[in-house]
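In case you want the letters, here they are:
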Amino acid sequence: MTRAVVLGGGLGGVLAATVLAGHADEVVLVEGDRYPSGPRPRRGLPQSHHSHVLVAGGARALDALLPGTVDALLTDGAHLRDLPGDALIYSADGWFRRLHTGAHLISCTRGLLDQVVRRRALGGGDVEVWEDARALGLIGDEVLVTGVSVSRQGSPPETVRADLVVDATGRRSQSPRWLAEIGAADIEEVSVATGLAYATRLYRAPVNLAATIPAIMLHPGTEKGRPARGATLFPVEDGRWIVTLTGTRGGEPPTDEQGYAAFARSLRHPIVADLMAEATPLGVVRPYRDTVNRRRFFERARLPAGFAVVGDAAVAVNPIHSHGMSVAALGALRLREELARHGMGPSLFAGLQVALAEEAERSWRMAVEQDTQRARQQAGDRVVERAGRSGEPRREPNAFEREIRTRLAQAKLSSPRLAAEFFGVQTLISVGTATDRSEIARVLTGRPEPLLTDEEAIGQYPALAAWRRTRLAAATG
């Protein structure tokens, strides 16, 4: 009889338990809280009230693990938006044109996504779920983990024997301490601060715009001398929108009614503020500050056999990049592949953590690079060290290099090939190494495409443009 124990009943833990149910005789899922009865926020998830999207790579992985889940989400009210075909995006370089790239995202509340996944993953009874149960530590030594100590509903600790223990407890994971307690090696940890904070609120959308609106993304601007600020607005189920305002250090979005509205109004374009003004607020403004990119390099340590760490417990990137759920799904898919190749035996444990780390690598590199670049832009002409390269300063580009970067950055706003590569990387469906050299040559030698004006960008979405014209006409009398 083989048994696997998964610690943490969030998305990553549920998916890991589902995968393990196909290879272990028993699977126990240990969840510290009680699951809500409906599509509501889960207490144990700190950012459960905030924006969550499933990007294309994660959606594909989720459907591979639980076929039909994406359709079930859409049936229950989630929204699929192509990027940038169904998204009004104002980047630091300008507005994107509507292009079909094959990339997309799915937006809904985190409560809905978790409920749909739990229903499909745990409904068959293959996984035994222990709610109100808290993991206290590992059982074993530096060579082999043989189980875990668990307290159920406040009862005295009990030892649960296991052939494999998986930590899916997220950013608050205690694995480094647990490993130290059984004599295992220390875990190397790296943190990359973002200086970013955000605040979120739900709205009841106007009926005529509730479902037809594109996803809206106002990327943080780079105005000199001012903190970078931005916003997103996504349609979610039940005729609602979820709005998130973001700001870097010194420009954090406020949480009071007037301050929140004023912050939205101060952005580079008023579209989000205008839409907020037409919608009905639902509940309070909720802040979130824990946006540090943090990685624990379990794969570099000599872990005891019978133990693995998945999801945010190992690699947690700034939530603003919207990769957490997708990386969890991709990690679970990789776990399934490794189990199919090795089974629940010693050969699995030898390379499992390295394989799981590989699935998070793209997201980690992208998040750190973008957040470091944002910090560099905020710092003006000061040199910022490139994250992960101890002591090696980043050389500032010269005027020629800056011109090339600007041309390429603006070209991706209108080039189907460059946009497809950009959004393929952002949504974890490509690695970004296949840039078409002929397209780059065309961009650098040809006449640049004109940037869209504000009116032209919004005019790409007829329903949104018609609403805005009506609003402006009413305002001018």
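Only a predicted model underlies this, so the values are computations on that prediction, with no experimental measurement involved. (Residues numbered from 1 in each chain as written. Predicted model: local features only at pLDDT ≥ 70, side-chain atom pairs only at ≥ 80, totals over all residues. Heavy atoms only, no water.)

(A) Expanded view of the overall build of the chain. Helices and strands together make up the secondary structure of the chain, namely 14 helices and 21 strands. Compactness check: the chain gives a C-alpha radius of gyration of 23 Å against a globular reference of 23 Å for 477 residues, within 12% of the reference. Judged by the C-alpha coordinates and their principal axes, the chain covers about 75 × 50 × 40 Å. The proportion of buried residues among the 477 residues of the chain is 53%. The contacts in the chain between residues at least 6 apart in sequence include a share of 72% that link residues at least 24 apart. As presented, the chain carries roughly 21000 Å² of accessible surface, and 50% of it is formed by carbon and sulfur atoms. (Helix = DSSP H or I, 4+ residues; strand = E, 2+ residues; numbered from the N terminus. Rg over C-alpha atoms; globule rule 2.2 N^0.38 Å. Buried < 20%, exposed > 50% of the residue type's maximum accessible area, 1.4 Å probe, protein only. Contact = heavy atoms within 4.5 Å. Areas by Shrake-Rupley, 256 points an atom, 1.4 Å probe, with all protein chains shown as cover.)

(B) The arrangement of the sheet that holds strand β18 (residues 280–288) in detail. Taken together, seven strands build an open sheet; the order of strands is β6-β5-β15-β16-β17-β14-β18 and the sheet is mixed. For this open sheet the edge positions go to β6 (94–95) and β18, each flanked by a neighbour on one side alone. Note that strand β16 (residues 229–236) and strand β17 (residues 240–248) share eight bridges and pair antiparallel. Bridged to Gly-230 within β17 is Thr-246. Across the sheet, helix α6 (residues 257–265) lies against β14 (196–204), β16, β17 and β18, angled at about 80° from β17, the strand it touches most. (Pairing = 2+ DSSP bridges. Axes fitted to C-alpha atoms, helices over the stretch in contact; angles between N-to-C directions.)

(C) Quick peek at the pattern of salt bridges. Tallied over the full model, the rule gives 27 salt bridges. For Glu-26, the salt bridge is made with Arg-3, and the minimal N-O distance between the two is 2.9 Å. Separated by 23 residues along the polypeptide, Glu-26 in strand β2 (residues 26–30) and Arg-3 in strand β1 (residues 3–7) bring together distant segments of the chain. When salt bridges that share partners are traced, they join Arg-334, Glu-338, Arg-341, Glu-358 and Glu-359 into one network. (Salt bridge = Lys/Arg side-chain N within 4 Å of Asp/Glu carboxyl O.)

(D) Examining the packing of aromatic side chains more closely. Applying the stated rule across the entire model yields five aromatic pairs. Ring geometry for Phe-96 and Phe-422: centres 6.0 Å apart, planes at 20°, overall stacked. With a gap of 326 residues between them, Phe-96 in the loop between β6 and β7 (103–108) and Phe-422 in helix α11 (residues 416–426) connect regions that are remote in the sequence. Phe-422 gets classed as partly exposed once you look at its relative accessible area, which sits at 25%. (Phe/Tyr/Trp six-rings, centres within 6.5 Å; stacked < 30°, edge-to-face > 60°.)

(E) Layout of unusual backbone geometry. A cis amide bond, omega -5°, links Leu-83 with the succeeding residue Pro-84. Mapped onto the elements of the fold, Pro-84 is located in the loop between β4 (79–83) and β5 (87–91). Here Asp-132, not a glycine, exhibits a phi torsion of approximately 50°, which is positive. Along the polypeptide, Asp-132 turns up in the loop between β8 (128–130) and β9 (133–140). Positive phi, close to 65°, is recorded for Leu-428, a residue that is not glycine. Locating Leu-428 in the fold gives a position in the loop between α11 and α12 (437–445).

(F) Representation of the pairing of strand β19 (residues 293–296) within the structure. Of the two faces of β19, the one holding Asn-293 and Arg-295 and the one holding Arg-294 and Arg-296 are both buried throughout. Note that strand β13 (residues 189–192) and β19 share four bridges and pair antiparallel. In the sheet register, Val-190 faces β19, and the bridge partner there is Arg-295.

(G) Representation of the packing of helix α2 (residues 56–65) against helix α8 (residues 324–342) within the structure. Direction vectors running N to C along α2 and α8 enclose 40°, while the axes themselves pass 8 Å from each other. Of the possible angle classes, the one that applies to α2 and α8 is oblique. The crossing of α2 and α8 is left-handed. Contacts from Gly-57, Gly-58, Ala-61, Leu-62, Ala-64 and Leu-65 in α2 reach Ser-326, Ala-329, Leu-330, Ala-332, Leu-333 and Arg-336 in α8. In the contact of α2 with α8, the residues fall into eight nonpolar, three polar and one charged. (Parallel < 35°, antiparallel > 145°, perpendicular 65-115°, else oblique. Left-handed = near helix turned anticlockwise from the far one by under 90°. Nonpolar A, V, L, I, M, F, W, Y, C, P; charged D, E, K, R; others polar.)

(H) How the structure looks around the sheet that holds strand β21 (residues 315–316). As summarised here, the arrangement of the three strands in space is β13-β19-β21, forming an open sheet in which the pairing is antiparallel. In the strand order of this sheet, the two ends are held by β13 and β21, each with one partner.

(I) Local environment of the environment of Gly-343. Relative to the assigned elements, Gly-343 resides in the loop between α8 and α9 (346–378). Since its relative accessible area comes to 21%, Gly-343 is described here as partly exposed. Residues Gly-343 and Thr-248 lie 95 residues apart in sequence; the distance between their C-alpha atoms is 46 Å.

(J) Seen up close, the environment of Gly-12. Residue placement: Gly-12 occurs in helix α1 (residues 11–20). Spatially, the C-alpha atoms of Gly-12 and Gly-324 are 9.1 Å apart, while their sequence positions differ by 312 residues. Among all residues touching Gly-12, those that are not within four sequence positions of it are Ala-168 and Ala-328.

(K) Geometry of helix α4 (residues 110–122). With 13 residues, α4 ought to run about 18 Å at 1.5 Å a step, and its terminal C-alpha atoms sit 17 Å apart, in line with that. Counting buried residues in α4 gives 11 out of 13 residues, a clear majority hidden from the surface. (Expected span 1.5 Å × (residues − 1).)

(L) Here's a closer look at the pairing of strand β15 (residues 215–218). Burial along β15 is two-sided: Ala-215 and Met-217 facing one way and Ile-216 and Leu-218 facing the other are all buried. Two strands pair when backbone bridges link them, and β5 and β15 are joined in this way by four bridges, in the parallel orientation. Bridge pairing in β15 links Ile-89 to Met-217. When β15 meets β16, the two strands line up antiparallel, connected through three bridges. Following the sheet pairing, Ile-216 is matched in β16 by Leu-233.

(M) Looking closely at the packing of helix α7 (residues 271–278) against helix α14 (residues 462–476). The interhelical angle for the contact between α7 and α14, taken along N-to-C directions, is 75°, at an axis separation of 12 Å. One finds that α7 runs roughly perpendicular with respect to α14. Contacts between α7 and α14 involve Ile-271, Asp-274, Leu-275, Ala-277 and Glu-278 from the former and Leu-464, Trp-467, Arg-468 and Arg-471 from the latter. By residue class, the composition of the contact of α7 with α14 is five nonpolar, no polar and four charged.

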